[in-house]
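Working through the structure, step by step
What follows is the residue order along each chain.
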Amino acid sequence: MNTATLKERLLALRETFKAEEETLTELDRAIGDGDHGVNMLRGFEALPEKLDDSSMANLLKSTGMTLMSNVGGASGPLYGFSFVKMSQVAEDDINREQLVTLLNAFAEAIAQRGKVTRGEKTMLDVIDRAREAVQNGETVTLETLQSYAEDTKALEATKGRAAYFKSESIGHMDPGAQSSVYILNALIGDE
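Residues numbered from 1 in each chain as written. Predicted model: local features only at pLDDT ≥ 70, side-chain atom pairs only at ≥ 80, totals over all residues. Heavy atoms only, no water.

**Side note on the overall build of the protein**
A count of helical and extended segments in the protein gives 9 helices and 0 strands. Start at the N end of the protein and walk to the C end: the helices and strands fall as α-α-α-α-α-α-α-α-α. For the protein, whose C-alpha radius of gyration is 15 Å, the value lies close to the compact-globule estimate of 16 Å for 191 residues. Based on the C-alpha atoms only, the size of the protein along its principal axes is roughly 45 × 35 × 25 Å. Taken over 191 residues, the protein has a buried fraction of 48%. Contacts in the protein between residues at least 24 apart in sequence constitute 65% of all its contacts with a sequence separation of at least 6. Here the protein holds 20 positive side-chain charges and 31 negative ones, and the gap between their average locations is 5 Å. (Helix = DSSP H or I, 4+ residues; strand = E, 2+ residues; numbered from the N terminus. Rg over C-alpha atoms; globule rule 2.2 N^0.38 Å. Buried < 20%, exposed > 50% of the residue type's maximum accessible area, 1.4 Å probe, protein only. Contact = heavy atoms within 4.5 Å. Lys, Arg positive; Asp, Glu negative; His and termini not counted. Charge placed at Lys NZ, Arg CZ, Asp CG, Glu CD.)

**As for the nonpolar core**
Counting 50 residues, the largest nonpolar core has Phe17, Phe106, Leu145, Ile183, Leu184 and Ile188 as its most contacted members. Broken down by secondary-structure element, the contributors of at least two residues to this core are α1 (3–31), α2 (36–45), α4 (56–70), α5 (75–87), α6 (96–114), α7 (124–135), α8 (142–151) and α9 (175–188). When sequence neighbours within four positions are dropped, the list of residues in contact with Phe17 reads Leu24, Met40, Leu41, Phe44, Ser179, Tyr182 and Ile183. (Core = buried A, V, L, I, M, F, W, Y, C linked by side-chain atoms within 4.5 Å.)

**Notes on the packing of aromatic side chains**
Evaluation of the coordinates by the stated rule reveals 4 aromatic pairs. Here Phe17 and Phe44 contribute two aromatic rings whose centre-to-centre distance is 4.9 Å and whose plane-to-plane angle is 20 degrees, an arrangement assigned as stacked. You can see Phe17 sitting in helix α1 and its partner Phe44 sitting in helix α2, a full 27 residues away along the chain. Exposure class is identical for Phe17 and Phe44. Each is buried. Ring plane angle 50 degrees and centroid distance 6.3 Å describe the contact between Phe83 and Phe106, whose orientation is recorded as tilted. With Phe83 in helix α5 and Phe106 in helix α6, this residue pair connects regions lying 23 residues apart in the sequence. (Phe/Tyr/Trp six-rings, centres within 6.5 Å; stacked < 30°, edge-to-face > 60°.)

**A closer look at α8**
It helps to recall that an α-helix has 3.6 residues per turn; residues three or four apart then point in one direction. If you check which residues of α8 are buried, you get Leu145, Tyr148 and Ala149. Buried positions in α8, seen along its axis, are confined to an arc of 100 degrees and lie on one side of it. Residues of α8 that are buried make contact with α7 and α9. (Arc of directions from axis to C-beta.)

**Considerations on the UniProt feature "domain: DhaL" (unreviewed entry) in the protein**
As recorded in UniProt, the sites labelled "domain: DhaL" (unreviewed entry) are residues 4–189. Helix makes up 67% of residues 4–189 and strand 0%. Its end C-alpha atoms lie 13 Å apart. (UniProt positions renumbered as here; feature names shortened; annotations may be inferred.)

**Observations concerning α9**
With 14 residues, α9 should reach 20 Å at 1.5 Å per residue; the first-to-last C-alpha distance of 20 Å fits that figure. Counting buried positions over the 14 residues of α9 gives 13, a clear majority of the element. At the N-terminal end of α9, a side-chain oxygen is found 3.1 Å from the backbone nitrogen of Gly176, two or three residues along, and the residue is Asp174. (Expected span 1.5 Å × (residues − 1). Polar contact = N/O pair within 3.5 Å; in protein donor to acceptor, adjacent residues only side chain to side chain.)

**Digging into a negative patch on the surface**
Where like charges cluster on the molecular surface, the negative patch consists of Glu91, Asp92, Asp93 and Glu97. Residue position: Asp93 is located in the loop between α5 and α6. (Patch = residues over 30% accessible without salt bridge, like charges linked within 9 Å, V, L, I, M, F, W, Y side chains within 5 Å. Areas by Shrake-Rupley, 256 points an atom, 1.4 Å probe, with all protein chains shown as cover. Salt bridge = Lys/Arg side-chain N within 4 Å of Asp/Glu carboxyl O.)

**Examining the environment of Lys85**
For Lys85, the position within the fold is in helix α5. Take Lys85: its relative accessible area is 27%, and that puts it in the partly exposed class. Taking C-alpha positions, Lys85 is 6.6 Å from Ala109, a pair spaced 24 residues apart along the chain. Apart from the residues within four sequence positions on either side, Lys85 is in contact with Ala105, Ala109 and Gln112.

**Examining the pattern of salt bridges**
Applying the stated rule across the entire model yields 11 salt bridges. The residue Arg29 makes a salt bridge to Glu22 at a minimum N-O spacing of 3.8 Å. Residue classification places Glu22 among the partly exposed positions, given a relative accessible area of 47%. Here Lys159 and Glu120 are joined by a salt bridge, their closest N and O atoms 3.1 Å apart. Highlighted residues: Lys159 in the loop between α8 and α9 and Glu120 in the loop between α6 and α7, separated in sequence by 39 residues. The exposure class of Lys159 is partly exposed, given its relative accessible area of 28%. Among the charged side chains, a network of salt bridges with common partners joins Arg118, Asp128, Arg131 and Glu132.

And the structure:
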């Protein structure tokens, strides 16, 4: 995937988040503060005028900086930091090997910035499983990513606002896990 294709995919996320705003808000109302949908939409609506597509690294970095300054809550810094970290290891063409490198950077950035590990009912539960699957040569489709997000329903939240709900968080999908499905789908593409 080249820079122009990824740019198109990132810009298309604005429509995705517009369509999914209510879903993300409902998920966040159940175990959070109910603003994840509006926050993600705000971030991706700001992208068109802020993107620098002169290179893959600049595209990822400008996406990260835009998300950091426009997405509220914990997700802005987490996704923003992740895109900046991916920009530091980016090459201008994303092949499978490069995709693994980018997903490693994405997962490490979330783990580091969010101080989370897998199994804590966060976006990392989707991101790290996607990284592992791609690294193992598996095909990761939108359906695969969605199944990872669905699996967070069985977990008890131990991080973030959802952790206040303790065992009552079981049975609810993590909103960040759901939003990461859309972002990962854009990054992984047809690999």
